[in-house]
Amino acid sequence: MTHRSEIWAPRARAAADAVPGILLAAMFLCFIVQVFMRYVMDSPVGWTVEVCVIAWLWILLWGQSVSASEENEIRFDILYGSVSPGTRRWFRAIFSLFLVIVYAGALPAVWSFVSFMQIQDTSYLDIPFSWVFAIALVFMTVSVVRYLYIFWTAVTGRGASASEPDSATVSRKDITE
């Protein structure tokens, strides 16, 4: 018998991964509308720029916190790839703990900022800025949980195998190849 989480987890992952794609498509459509209105109709519209800016903010913060995997993160591969797997685990533990401290420490200020921004709306669409910047709270919260998990897997030796190099390091090719 299939467990419910085995059915819903892949669907939830696919839906979360689709959000940046949908927002990018919305940006593209707004760009086309803006070009058409400006150069064909000679009547530019401002709301398309507003949609593009909001969508780009959400793409960046949603994508990094929810959609991106640890293997897709930027690393200093020259140093990271040249050390032993045990040292890589310590790098992961120290870096993830550092990020948890930074994000958790900044969370109250971000909450305060997002709450304060409810007093102002966007220029064209009249969306409260607190809704626009609410993605920053999602980003901070998910990042804290994510890096706590990475810290735990690094310290306990779970997750990436201690005997094998990370797939992110192995899959990249040298620029000379």
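Rules of the game
- Residues numbered from 1 in each chain as written.
- Predicted model: local features only at pLDDT ≥ 70, side-chain atom pairs only at ≥ 80, totals over all residues.
- Heavy atoms only, no water.
- Helix = DSSP H or I, 4+ residues; strand = E, 2+ residues; numbered from the N terminus.
- Expected span 1.5 Å × (residues − 1).
- Bend = angle between axes of the 7 residues up to and from the residue.
- Buried < 20%, exposed > 50% of the residue type's maximum accessible area, 1.4 Å probe, protein only.
- Contact = heavy atoms within 4.5 Å.
- pLDDT = per-residue confidence, 0-100.

Bringing helix α4 (residues 85–116) into the picture now. Compared with the 46 Å implied by 1.5 Å per residue over 32 residues, the 45 Å span of α4 between its first and last C-alpha is a close match. At L107, α4 shows its maximal kink, close to 40°; a proline, P108, follows between one and four residues later. The set of residues buried in α4 consists of R88, R92, A93, S96, L99, V100, Y103, V110 and V114. Of the surrounding elements, those touching the buried residues of α4 are α3 (77–80), α5 (129–132) and α6 (134–156).

Attention shifts here to the confidence of the model for the chain. Predicted confidence across the chain gives a mean pLDDT of 87, with 87% of residues reaching 70 or more. At the low end of the mean pLDDT range in the chain sits helix α7 (residues 167–171), at 47; at the high end sits α5, at 96. Scored below 50 in pLDDT, residues 161–177 shows 20 contacts in the model against residues more than four places distant or in partner chains.

Next up on the list: the environment of S123. Tracing the backbone through its elements, the reader meets S123 in the loop between α4 and α5. In this structure, the C-alpha to C-alpha distance between S123 and E50, residues 73 residues apart in sequence, is 8.0 Å.

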